[in-house]
Amino acid sequence: MKIYKKIIIVLAYCSMLTVTNCFAATIESQKVEKIDNENYIYQKYSMSEDEEIEFLSNIENSILLDNNEYNIVSKSRGGGNITTTKDITTTKTITSKTNNELSIINQLGQTLEYNEDGFIGTYDLNINTLKIKSNYNGYYEKLIEETKEYNNLLRNDLDFINKEIQKDGITLNLLNTTWETETTKKVGDTEIPDTYKAICYYAGKIKVDYPLTYTVTGEYFGNAEKVEINPVRYTIVYKEKQAEIPQEKNNIVPIVAGVSGGTTIIALVILLFRKNIKIYNLQDGKWVLVGNTFINYKKPKLKLDKFKHLEITSKYKIELSKDLVNKISGKFIEISKKDIKIKHIINEKDKIVTFSINL
């Protein structure tokens, strides 16, 4: 009996190889296993996290394998991106011309970006950590000047002139005097000065401090993340639905009657798994065989999705066996791909029916 079990599993697995991965993912492996007399299909997929939602939304709850229905029993997730988080802290020091806190915060910046060794994050300023230190920047000498006139002086003599004057509380010294005749008088035939005007230039220096500046230090705190990109892996498990295998009295009984023992079982297996439809895809102007499959004549439905990985164009040619034509003549065969379904009536007898379909 072991050899017959192996035949069934091999046949099922060979059909499984025609199943198409129509999700945004990569199929890593697929296999059929028999556990406690139950058939299971294991499919393993890998994808990026960006593709995961699309993958999950497209998982089929049931699939057909050689016309046997398998229902999903479990899905498990592994892998995926790994995110590492760490706390970050730093300080920033600036020189400001003002000690106004609002102005200082604007100069420092309330946030700072962090990007080191693959970690990306943001610092936030803690205003309670601000430290403001005044800086004395020395002084410079400023010249204070004043020009003053003295009138009606009897002589052009410095004794009549103040050697110092006060301006805004600052003492200015006489540095230069210019004399001018203000009035004259006639002595005999000669005009001589009678009074004088003195134009005096006073100046002095004062020390003026340069404006204070302020050294400001602030502390920043935050967190940063590093994402290690890893593929997400899913294992999808389907279990075969137990159902009665339709038997045709006219076809099966004579075959069984004509054989015995192990030969009977092998003949039955071959009969159940025989293909009655050939699938062709138009490639480079030629019809290329991309698969064989079996459909139940009582519910003639054909899904083309499992041949998608072999297609080049969306044009298919379907070739029905003579036996299938005889059984479904006058009936519709439903052909589908994704959400598109069409029906074609079979009305020819005793020969292979070939017709093209564009999906």
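You'll find the structure just up there.
Each chain carries its own residue numbering, running from 1 in the direction its sequence is written. Local features in this predicted model are restricted to residues whose pLDDT is 70 or higher, and side-chain atom pairs enter the listing and the counts only when it is 80 or higher, whereas totals over whole chains, interfaces and linings include all residues. Side-chain measures were taken over the full set of non-hydrogen atoms in the model, leaving aside hydrogen atoms and water.

Draft legend 1. How the structure looks around the pattern of salt bridges. Counted as salt bridges are all cases of a side-chain nitrogen of Lys or Arg within 4 Å of a carboxyl oxygen of Asp or Glu. Tallying each qualifying case throughout the model produces ten salt bridges. In this structure, Glu33 engages Lys31 in a salt bridge whose closest nitrogen and oxygen atoms are separated by 2.8 Å. Burial status follows relative accessibility: with a 1.4 Å probe on protein chains alone, a residue under 20% of its type maximum counts as buried, one over 50% as exposed, and anything between as partly exposed. Under the relative-accessibility criterion, Glu33 is labelled partly exposed at 27%. The salt bridge involving Lys241 is made with Glu69; its shortest N-O contact spans 4.0 Å. Of the two residues, Lys241 is situated in the loop between strand S13 (232-240) and helix H4 (249-257) and Glu69 in strand S4 (residues 68-79); the sequence distance between them amounts to 172 residues. Classification of Glu69 as partly exposed rests on a relative accessible area of 30%. Bridged by salt links that share partners, the residues Glu49, Glu52 and Arg77 form one connected network. Elements are defined by DSSP. Helices are runs of H or I of four residues or more, strands are runs of E of two residues or more, and each kind is numbered from the N terminus.

Draft legend 2. Inspection of the environment of Thr111 at higher detail. Within the element layout of this structure, Thr111 appears in strand S6 (residues 111-116). We classify Thr111 as partly exposed; its relative accessible area is 42%. Each C-alpha atom of the pair Thr111 and Tyr123 lies 5.4 Å from the other, and the pair is twelve residues apart in sequence. We call two residues in contact whenever any of their non-hydrogen atoms come within 4.5 Å of each other. Leave out the neighbours within four places in its chain, and Thr111 touches Thr122, Tyr123, Asp124 and Tyr220.

Draft legend 3. Spatial organisation of the packing of aromatic side chains. Pairing of aromatic rings covers Phe, Tyr and the six-membered ring of Trp, with a centre-to-centre limit of 6.5 Å; geometry is then stacked below 30 degrees between planes, edge-to-face above 60, and tilted otherwise. Applying the stated criterion across every chain, the model contains four aromatic pairs. Seen in terms of ring centroids, Tyr140 and Tyr210 are 5.1 Å apart; in terms of plane orientation they differ by 45 degrees. Their pairing is tilted. You can see Tyr140 sitting in strand S8 (residues 139-153) and its partner Tyr210 sitting in the loop between strand S11 (190-209) and strand S12 (213-228), a full 70 residues away along the chain. Taking relative accessible area as the criterion, Tyr140 reaches 34% and is therefore assigned partly exposed. Exposure remark for Tyr210: the relative accessible area of 40% places this residue in the partly exposed category. Ring pairs connect the aromatic residues Tyr45, Phe55 and Tyr234, which therefore count as one cluster.

Draft legend 4. Representation of a positive patch on the surface within the structure. What makes a patch is a set of residues exposed beyond 30% relative accessible area and free of salt bridges, joined within 9 Å when like-charged and within 5 Å when nonpolar (Val, Leu, Ile, Met, Phe, Trp, Tyr). Accessible surface area values rest on a Shrake-Rupley calculation with a 1.4 Å probe, where residue burial reflects the displayed protein chains alone. Note that His is not counted, nor are the chain ends; the positive residues are Lys and Arg, and the negative ones are Asp and Glu. Charged groups are reduced to one reference atom each: NZ for lysine, CZ for arginine, CG for aspartic acid, CD for glutamic acid. Taken together, the side chains of Lys299, Lys301, Lys303, Lys341 and Lys343 make up a positively charged region of the molecular surface. Counting only elements with at least two residues in the positive patch, the list comes to strand S16 (301-303) and strand S19 (340-345). The topology assignment puts Lys299 in the loop between strand S15 (286-293) and S16.

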